[in-house]
Amino acid sequence: MDWTDGLRIKKVPLYCEKMVGRYVKTLESYIEGDSWQRFATELKTEYKDDDTEQKRNTEAFLQAMVQKM
């Protein structure tokens, strides 16, 4: 889609659970709404502990897996 960064950012809360969407709207990068890259980075940083995909790509996760083996 040819959405601007601002429009892409404003659409994200629509795809979240209600409480998460409300929180996303309080993020500085959401309020400014000018950089998708900055917004995505802020979201990834904010939710990194809840994101299993990000956890799988860490050295700590791989070391834990090796220890289990």
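Residues numbered from 1 in each chain as written. Predicted model: local features only at pLDDT ≥ 70, side-chain atom pairs only at ≥ 80, totals over all residues. Heavy atoms only, no water.

## A short note on the environment of Leu-62
Stage number 1. As for its placement among the helices and strands, Leu-62 is situated in helix 6 (residues 59-68).
Stage number 2. With a relative accessible area of 49%, Leu-62 lands in the partly exposed category.
Stage number 3. Expressed as a C-alpha distance, the spacing of Leu-62 and Tyr-47, which sit 15 residues apart in the sequence, is 20 Å. (Helix = DSSP H or I, 4+ residues; strand = E, 2+ residues; numbered from the N terminus. Buried < 20%, exposed > 50% of the residue type's maximum accessible area, 1.4 Å probe, protein only.)

## Notes on the packing of aromatic side chains
Stage number 1. The final tally for this structure, using the stated rule, is three aromatic pairs.
Stage number 2. Summarising the aromatic geometry, the rings of Tyr-23 and Tyr-47 are spaced 6.3 Å apart at their centres and angled 85° between planes, so their arrangement reads as edge-to-face. Placement of Tyr-23 in helix 2 (residues 18-24) and of Tyr-47 in the loop between helix 4 (36-46) and helix 5 (52-56) is noted, with a sequence separation of 24 residues between them.
Stage number 3. On the basis of relative accessibility, which here comes to 33%, the residue Tyr-23 falls in the partly exposed class.
Stage number 4. Each ring, one from Trp-36 and one from Phe-39, has its centre 5.8 Å from the other, and the planes form 50°; the classification is tilted. Pair noted here: Trp-36 and Phe-39 are both in helix 4, with a separation of three residues, about one helical turn.
Stage number 5. Assessed through its relative accessible area of 24%, Trp-36 is described here as partly exposed. (Phe/Tyr/Trp six-rings, centres within 6.5 Å; stacked < 30°, edge-to-face > 60°.)

## Thoughts on the pattern of salt bridges
Stage number 1. Using the criterion set out here, one finds two salt bridges in the structure.
Stage number 2. Across the pair Glu-28 and Arg-38 runs a salt bridge whose closest N-O atoms are separated by 3.1 Å. You can see Glu-28 sitting in helix 3 (residues 28-32) and its partner Arg-38 sitting in helix 4, a full ten residues away along the chain.
Stage number 3. Take Arg-38: its relative accessible area is 32%, and that puts it in the partly exposed class.
Stage number 4. Note that Arg-38 and Glu-32 form a salt bridge whose closest N and O atoms lie 2.6 Å from each other. (Salt bridge = Lys/Arg side-chain N within 4 Å of Asp/Glu carboxyl O.)

## Observations concerning a nonpolar patch on the surface
Stage number 1. Judged by side-chain polarity, Met-1, Trp-3, Leu-7, Leu-14 and Tyr-15 come together as a nonpolar surface patch covering roughly 660 Å² of accessible area.
Stage number 2. Looking at where Leu-7 falls in the secondary structure, it is placed in helix 1 (residues 5-11). (Patch = residues over 30% accessible without salt bridge, like charges linked within 9 Å, V, L, I, M, F, W, Y side chains within 5 Å. Areas by Shrake-Rupley, 256 points an atom, 1.4 Å probe, with all protein chains shown as cover.)

## Regarding helix 4
Stage number 1. Those residues of helix 4 lying buried are Phe-39, Ala-40 and Leu-43. Around the axis of helix 4, the buried residues are gathered within 95° of arc, so they sit on the same side.
Stage number 2. Its buried side turned inward, helix 4 meets helix 1, helix 2 and helix 3. (Arc of directions from axis to C-beta. Contact = heavy atoms within 4.5 Å.)

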